[in-house]
Every structure is written in C-alpha cells, then in structure tokens.
Amino acid sequence: MAPGLWTHDFMDELRTKMDPLADAVIERLFTEGKVDGVNQLMRTLVENDDLPSARLPPYVMEYLAHTQASVPRLDPEKLRQGQELFELFGPEVMMILGFYSLPASYAARKGVQVLYRTGFLQKRPIRRVFETAQMVVDVMTEGGMEPDGRGVRTTQKVRLMHAAIRYMIRHDPRHPWDARELGQPINQEDLAGTLMTFSYVVLEGMKALHIELTPAQQEAWLYAWRAVGRIIGVDERLIPANVDEARELTYLIRQRQVAFSQEGVAMTAALVEGMQGLTPDLLDGLPVSMIHFFLDQDQWQGMNVADLLQVPKPDWTAIIPQAIKGLSALTDWVGDNTFVAAKLLRFISKDIVEGMLLVERGGQRTPFYIPDHLQDRWRLEQGPRAANARRRSEAEARNLAAAAQAGRSDSHTKVA
C-alpha cells in the first residue's frame, strides 16, 4: 500500500481490525475446550521451545502450517545480511530494546492499556524484557527464519498469545473494554506500531549511539522484520516496503498515539525496576539515564517522552551514554576514537545481556536462550554477575509467591 494512503481515517479503521486467523483458533478453543483447553495451549506454547505437535489440536497445527507458508519465499541472502548485523551488534540491539523500544511502546496511551491489564507484567517486570529479547534472538539468529526455525515458531506463538489476550479482555465482564475509545485490543495499528519498535526504532537507537550502518544493512534489518510482520498477522497494507516508509509509518503512529497515561507511567516504572536487576549495583541509575538519552531525543518532534512517562531525573550515570555519543563524534582526534566509544558501549550492553542469562524466569518458562556461537562472539561471561542477579531474582520470586498466595481466592482465569 502506498504510504500516501496512510491517512488518519485509514488508521482509525485499522484500530477496529484484529486478527481473524488467530482469533478463530482461540475462539474455538474457548468454545470447544473451555478454559482448560486455552490454558493448556498457552502452557504448551510457553514452556516448549520446539514444535508442540503432540499436545495441540489439529486446527492449531493447521494454523501453524498456514502462518509459515510464506517463509520459503524469503530471500535467504537478505535474511543473512540482517542476521549478520545482529551477530555484530546483538548486545547493543538488546540494550536499545530495553531502554528505547519498550518505553516508547508504553508511551502509546491506547495501546499500553492492554499491557497494563496483563497485570503479571507489573508483578514480574523483567518478563516483558525477556520475551522481547528472546523473540529478537530467535528471529535474528542464523536459521531462525527457516520454515521450522526458532524465529518462525516464536512468532507464531506470540500471535496466538495476542489472540488469547484479546479474547480474555473482550470477554471480561468485570472490566469492560471501551472499543470506541481505545479501538480493539491489540488491533492492527498497535500491531504495526509494535513491529516498528523491533525494526525502525532499533535503527533509530543505533543511529543515536553513532553506530553507523550502511543503507543496505538498514534495509536488511527491516527485511527480516517485514517477514515477521506477515507471520504475526500485521495487515499487508501496514508493512513498509523500505526504511523511508518505515520512518513515515513510525512517525504517523507516534503523532497519533503518544500521550500521557497513568498506565504508561506505571509500566515504565516497572520496566526501570526490572532493568535495574540486570545491571550492577554501582550502575543502578543506568536504566533511567539510558531511557532519558533515547526518549529526550529530537526525533520525537520536540516532545520529551521520558518526562511524559515520569521517568526520574538521571544520576551521574547520564555521563555514560553522552560519553559514548561524544567519543563517537570526535573523529578529528589522532587515531580512531570510535573504537573507545564502541568498547564502552559493548561493556555496558554486554553486562545487561549477561544479567539476562542469569536471572531465572520464575520456573514457568524455559531459560533465556542465546546460541553458543553468539555467546562466544559477544564474549559473554556469567560469573561476575551471578551474585547480584541471583539476589534480585530471589527477591522478585518471593514477592511473586506472596502475591500468588494472596490471590488464590480469586477465581478469575488468567492466560499464562
């Protein structure tokens, strides 16, 4: 679809559209399998990183076959180029996801309402970081976008999770959803906006950090996420053909959706708390500083989104992203000072990824997975971070156990 047709009227219409294919699967599970059938499906998809064929109904298997049908037509060379980019800059990409992409999505006043209603994300804030980062690792690792690759399988699971959450929200009599005001939950505009946080927003973040990418590298990154968009159910008319179109779509959605909400503030506070668990005690202020670095930027057309989300003022750690940016810009010095900036950036981002490898996910999900060859390439070390990450994880687990004990009398069904 030509970008010129991305009008406000068109986007308003897309806020009424959901995902008929995945919604039909979940609707049938609720109708035929009752709540237990849905919960079994969610547990199977969440706990099993492989093809869960033996435990799924035939129509779910049909859904899996249908949604991977476009994969063999992908250009393997373009995919390889995008995945090579991730191999080069994976830790930096995951840092951008945590400090830029996620808080940017919380700034969308209408879309964040769904995330806020899935209250488990507030009780265990790091879960969203894990889910986001794991999807990126699965998609952007070599082989991830082959027909039975981890990236394809993860994307299919996320699409069904979206449909299940959508069903639960729309059928919750205690908290009616205001579709007239908010649009349908996880509607097409919100799906497209989320896709842009994985694709174009990551490219924005790399530019802000002075990681210089060629046009071909940028297009290759976008190509992989365009493929994800098709698998995850984004309307074809909302999938940009190139980086320029991705920029236009991102800016339009920002213009339409970024606004203050108490829910966005709460989700951002939970995110900051969770990300602090992935940094050493000395750098507890780094999540706040990095969010300000990305969301105070002028690409938000004069709007300070960090302030909109009521992110606290940064402490001394604010000098870290500014030092990275400043060193990268000082090309007139003797020698290549970009090397110093790159080393500092990798030191910070690698530390966060190492923390993700250490923190357990409450025993409900498989551990965070990074292939061995990427761990070797990024020189990840888990030893120095173990005590700090384990302490925070154990405290969070105790809080979860207390919350679960308090909530046992609540018979309201939740999707895992």
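Computed from a prediction, not measured in an experiment: that's the story for all the values here. (Residues numbered from 1 in each chain as written. Predicted model: local features only at pLDDT ≥ 70, side-chain atom pairs only at ≥ 80, totals over all residues. Heavy atoms only, no water.)

Some remarks on the pattern of salt bridges
- The tally for this structure, following the rule as stated, stands at 20 salt bridges.
- Linking Glu77 and Arg80 is a salt bridge whose minimum nitrogen-to-oxygen distance equals 2.3 Å. Here the residue Glu77 and the residue Arg80 both occupy positions in helix H4 (residues 76-106), the gap between them amounting to 3 residues, near one helical turn.
- We classify Arg80 as partly exposed; its relative accessible area is 35%.
- The partner of Lys313 in a salt bridge is Asp307, and the shortest N-O contact between them spans 3.7 Å.
- Owing to a relative accessible area of 36%, Asp307 belongs among the partly exposed residues under this scheme.
- Here the residues in one salt-bridge network are Asp12, Arg15, Glu189, Asp190 and Arg256, joined through shared partners. (Salt bridge = Lys/Arg side-chain N within 4 Å of Asp/Glu carboxyl O. Helix = DSSP H or I, 4+ residues; strand = E, 2+ residues; numbered from the N terminus. Buried < 20%, exposed > 50% of the residue type's maximum accessible area, 1.4 Å probe, protein only.)

Structural notes on the nonpolar core
- If you look at the biggest cluster of nonpolar residues, it comprises 102 residues, and the most contacted ones within it are Phe86, Met94, Trp221, Trp225 and Ile370.
- The leading source of residues in this core is H4, at 13 residues.
- Each residue touching Trp221, except ones within four places of it in the same chain, is listed here: Gly82, Leu85, Phe86, Val93, Val136, Met140, Phe198, Ser199, Val202 and Leu203.
- Formed by 17 residues, the second largest nonpolar core is a distinct cluster that contains Ala22, Val38, Tyr63 and Leu64. (Core = buried A, V, L, I, M, F, W, Y, C linked by side-chain atoms within 4.5 Å. Contact = heavy atoms within 4.5 Å.)

Examining unusual backbone geometry
- Even without being a glycine, His210 presents a positive backbone phi close to 60 degrees.
- Structurally, the position occupied by His210 is in the loop between helix H11 (200-208) and helix H12 (215-232).
- Of note in the backbone geometry, Arg379 takes a positive phi value of approximately 55 degrees without being a glycine.
- Looking at Arg379, the relative accessible area reads 65%, which means it is exposed.

The values reported here are purely geometric and, on their own, carry no functional implication.
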